[in-house]
Amino acid sequence: MVKINTHKQTQKLMILSLMIALDVVLSPILRIEGMAPMSSVINIIAASFMSPLYTFLMALICGIIRMLMMGIPPLALTGAVFGALFAGLGYWKTRNFWAAALGEFIGTGVVGSLLSYPVMVWFTGVKTDLHWLIYTPRFMGACVMGAIAAFVLYERLNKLSAFHRMQQLFLTDDERVLSSQNGR
């Protein structure tokens with residue numbers, strides 16, 4: 001039988017809640033229709049210390065909150081969840097900031113932007129002559145702006161011991177052993 005460490009699980013949920021709150025509050029800042037660079041910042045930073053599952057859940061919950069509370073169309077979901085998932089997978093496979101940024105770019109800038117067109121056609125019920133790539137330049141632009149801002153923030157956070165403790169919190173036991181063997 002697996003023993004669940006409730007203190008550790010509570011800490012993870014508190015951090016997840018904090019990241020959701022930060023994303024919901026910060027994503028409207030510098031938001032241009034179809035571009036949410038602060039969401040990319042939060043996705044990349046979250047990917048650097050939370051697991052891919054938690055990063056995905058954060059983006060999903062934030063997207064739902066933004067849709068319900070701020071009246072943002074389903075772009076809030078298509079533009080965030082794939083980037084968060086890919087950023088999380090990129091970081092946790094390589095432990096490299098740029099892998100998280102690339103994951104965000106591919107997930108949001110490519111996959112999310114391409115899926116946004118059919119979702120918006122379904123959502124609005126209006127099929128236009130617009131091309132599938134209508135959202136791609138804005139989503140990619142937001143990812144690049146977000147990655148630059150996230151890099152500056154990540155460099156500062158990486159100097160804090162609390163940041164490294166949060167990274168350790170989300171590691172599985174196997175990852176923790178490998179991490180200690182690699183001197184991380």
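Going by the structure above, here's the rest.
Each chain has its residues counted from 1, running along the sequence as written. Residue-level local features of this predicted model are given only where pLDDT is at least 70; pairs of side-chain atoms are given and counted only at 80 or more, and the full residue set underlies all totals for whole chains, interfaces and linings. As a rule here, side-chain values cover all heavy atoms of the structure and leave hydrogens and water aside.

Enquirer: Whenever I open this one, the side chain of Ser113 confuses me. Can you help?
Expert: Locating Ser113 in the fold gives a position in helix α6 (residues 97–124). When its relative accessible area of 0% is taken as the criterion, Ser113 is described as buried. A distance of 2.7 Å separates the side chain of Ser113 from the backbone oxygen of Gly109, its partner in a polar contact. Distance and chemistry together define a polar contact, namely a pair of N or O atoms within 3.5 Å, with one atom able to donate a hydrogen and the other to accept it when in protein, and with adjacent residues in sequence counting only for side-chain atoms on both sides. Within polar-contact distance, the side chain of Ser113 engages the backbone oxygen of Val110 at 3.0 Å. For Ser113, the residues in contact, after removing those within four places along its chain, are Thr108, Trp132, Tyr135, Thr136 and Phe139. Only DSSP runs of H or I covering at least 4 residues are called helices, and only runs of E covering at least 2 are called strands; the numbering of each starts at the N terminus. The buried label goes to any residue with under 20% of its type's maximum accessible area, the exposed label to any with over 50%, and the partly exposed label to all in between, with areas taken from a 1.4 Å probe on protein chains only. Any two residues having at least one pair of non-hydrogen atoms within 4.5 Å are treated as being in contact.

Enquirer: Which parts of the structure should I look at to understand the side chain of Thr55?
Expert: Structurally, Thr55 can be placed in helix α3 (residues 52–70). Discounting residues that sit within four places of it in the chain, Thr55 has contacts with Asn43, Ala46, Ala47, Met50 and Ala84.

Enquirer: I'm lost on helix α1 (residues 6–26) in this one. Help?
Expert: Along an α-helix, a turn takes 3.6 residues, which lines up residues three or four apart on a common side. For a helix, the expected span equals 1.5 Å multiplied by the number of residues minus one. Under the 1.5 Å per step criterion, the end-to-end length of α1 is 30 Å for 21 residues, consistent within 8% with the ideal 30 Å. When we look at burial in α1, the residues that qualify are Lys8, Lys12, Ile15, Leu16, Met19, Ile20, Asp23 and Val24.

Enquirer: What is the right way to read the packing of aromatic side chains from this model?
Expert: Where two aromatic rings form a pair, the distance of their centres and the angle of their planes describe that pair. Two aromatic rings from Phe, Tyr or Trp, using only the six-membered ring of Trp, form a pair when their centres are within 6.5 Å; if the ring planes differ by under 30 degrees the pair is stacked, by over 60 it is edge-to-face, and anything between is tilted. Across all of its chains, the model carries ten aromatic pairs by this definition. Within the aromatic cluster, the residues linked to one another by ring pairs are Phe49, Tyr91, Trp92, Phe97, Trp98, Phe151, Tyr154 and Phe163.

Enquirer: Can you walk me through α6 in this structure?
Expert: Along its length, α6 shows its largest kink, about 40°, at Gly112. For α6, the capping residue at the N-terminal end is Asn96, with a side-chain oxygen 2.7 Å from the backbone nitrogen of Trp98. Downstream of α6 by one or two residues, Gly125 has phi in the positive range, about 75°. One fitted axis covers the seven residues ending at a residue, a second covers the seven starting there, and the bend at that residue is the angle between these axes.

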